[in-house]
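# Working through the structure, step by step
Spelled out from the first residue to the last, the chains are:
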Amino acid sequence: DTGVSQDPRHKITKRGQNVTFRCDPISEHNRLYWYRQTLGQGPEFLTYFQNEAQLEKSRLLSDRFSAERPKGSFSTLEIQRTEQGDSAMYLCASSHGMVEAFFGQGTRLTVV
Amino acid sequence: AQKVTQAQTEISVVEKEDVTLDCVYETRDTTYYLFWYKQPPSGELVFLIRRNSFDEQNEISGRYSWNFQKSTSSFNFTITASQVVDSAVYFCALTTSYNTDKLIFGTGTRLQVFP
């Protein structure tokens, strides 16, 4: 499968715990995005990488959130001290330049 | 500011009916791109189409067609002879940023096609 891959698909965690999600983009894509989607809403932009450089972060991305893309390949999104409001689907997408972004199937986070 | 509005929250049709999903966008930029994505129950967003602001030609792809009208800031999507497999949430999205291409999504329209 050469699409965007996200792991895990589902994560249930207790409030206050840290969680980390992984995204493997399509191999030749230099751009990688993280979005968050809550129930009944469209995805909202969180952050963007071009190669290994994180070029933009949304105001939605509080200081509890951190994202990395070492060596411009896979990316991780970590949420520290999770809160119930963090429960959402976290979507990763990749693209090559100004073309359509391809999305992964997402990681559904539930904070209990 | 940029914004995408999908006023139809949910639409139900019977198989073989035609259905149009509305999308209205707001932007002050003269160069922008519009998209439609399909999100089936599996959760993955599937790309359907991209249009740039300089190309107002309507497009047809099989049972799908898109009507882009700058005068009304609309980019509507029509499915002809709908099928049960078309059941999904459909999102319209906008990008105006050359630097990041980040997408601004509408709230989506849930389409249910009944047999």
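Note that the structure is predicted; figures quoted are calculated from it, not measured. (Residues numbered from 1 in each chain as written. Chains lettered and ligands numbered in written order. Predicted model: local features only at pLDDT ≥ 70, side-chain atom pairs only at ≥ 80, totals over all residues. Heavy atoms only, no water.)

The next thing to look at is the nonpolar core. Ranked by size, the top nonpolar core spans 24 residues in total, and within it Trp36, Trp66, Phe75, Phe77, Tyr90 and Leu111 of chain B carry the most contacts. Every element with two or more residues in this core is listed here: β2 (10-14), β3 (19-21), β5 (33-39), β6 (46-52), β8 (64-69), β9 (74-79), β10 (88-95) and β12 (109-114) of chain B. Looking at this core, the element that brings in the most residues is β10 of chain B, giving four residues. Contact partners of Leu111 of chain B, with chain neighbours within four places excluded, come to Ile11, Val13, Val19, Ile79, Asp86, Ser87, Ala88 and Tyr90 of chain B. Membership of the second largest hydrophobic core comes to 19 residues, among which are Ala67, Ile79, Ala88 and Cys92 of chain A. (Core = buried A, V, L, I, M, F, W, Y, C linked by side-chain atoms within 4.5 Å. Buried < 20%, exposed > 50% of the residue type's maximum accessible area, 1.4 Å probe, protein only. Helix = DSSP H or I, 4+ residues; strand = E, 2+ residues; numbered from the N terminus. Contact = heavy atoms within 4.5 Å.)

This next bit is on the interface of chain A and chain B. On the chain B side, the residues contacting the 21 residues of chain A number 21 residues. Here chain A and chain B share an interface that buries about 1,800 Å² over both sides, 55% of which is from carbon and sulfur atoms. There are one salt bridge connecting chain A and chain B. One salt bridge in this structure joins Lys102 of chain B and Glu56 of chain A, with 2.4 Å as the shortest N-O distance. Our count for the contact surface shared by chain A and chain B stands at five residue pairs in polar contact (both at pLDDT 80 or more). Where the side of chain A that touches chain B is concerned, the elements lending two or more residues are β4 (31-37) and β5 (44-50) of chain A. Among the residues forming the side of chain A that touches chain B, the class breakdown is ten nonpolar, seven polar and four charged. (Buried area = accessible area lost by both parts, 1.4 Å probe. Salt bridge = Lys/Arg side-chain N within 4 Å of Asp/Glu carboxyl O. Polar contact = N/O pair within 3.5 Å; in protein donor to acceptor, adjacent residues only side chain to side chain. Nonpolar A, V, L, I, M, F, W, Y, C, P; charged D, E, K, R; others polar.)

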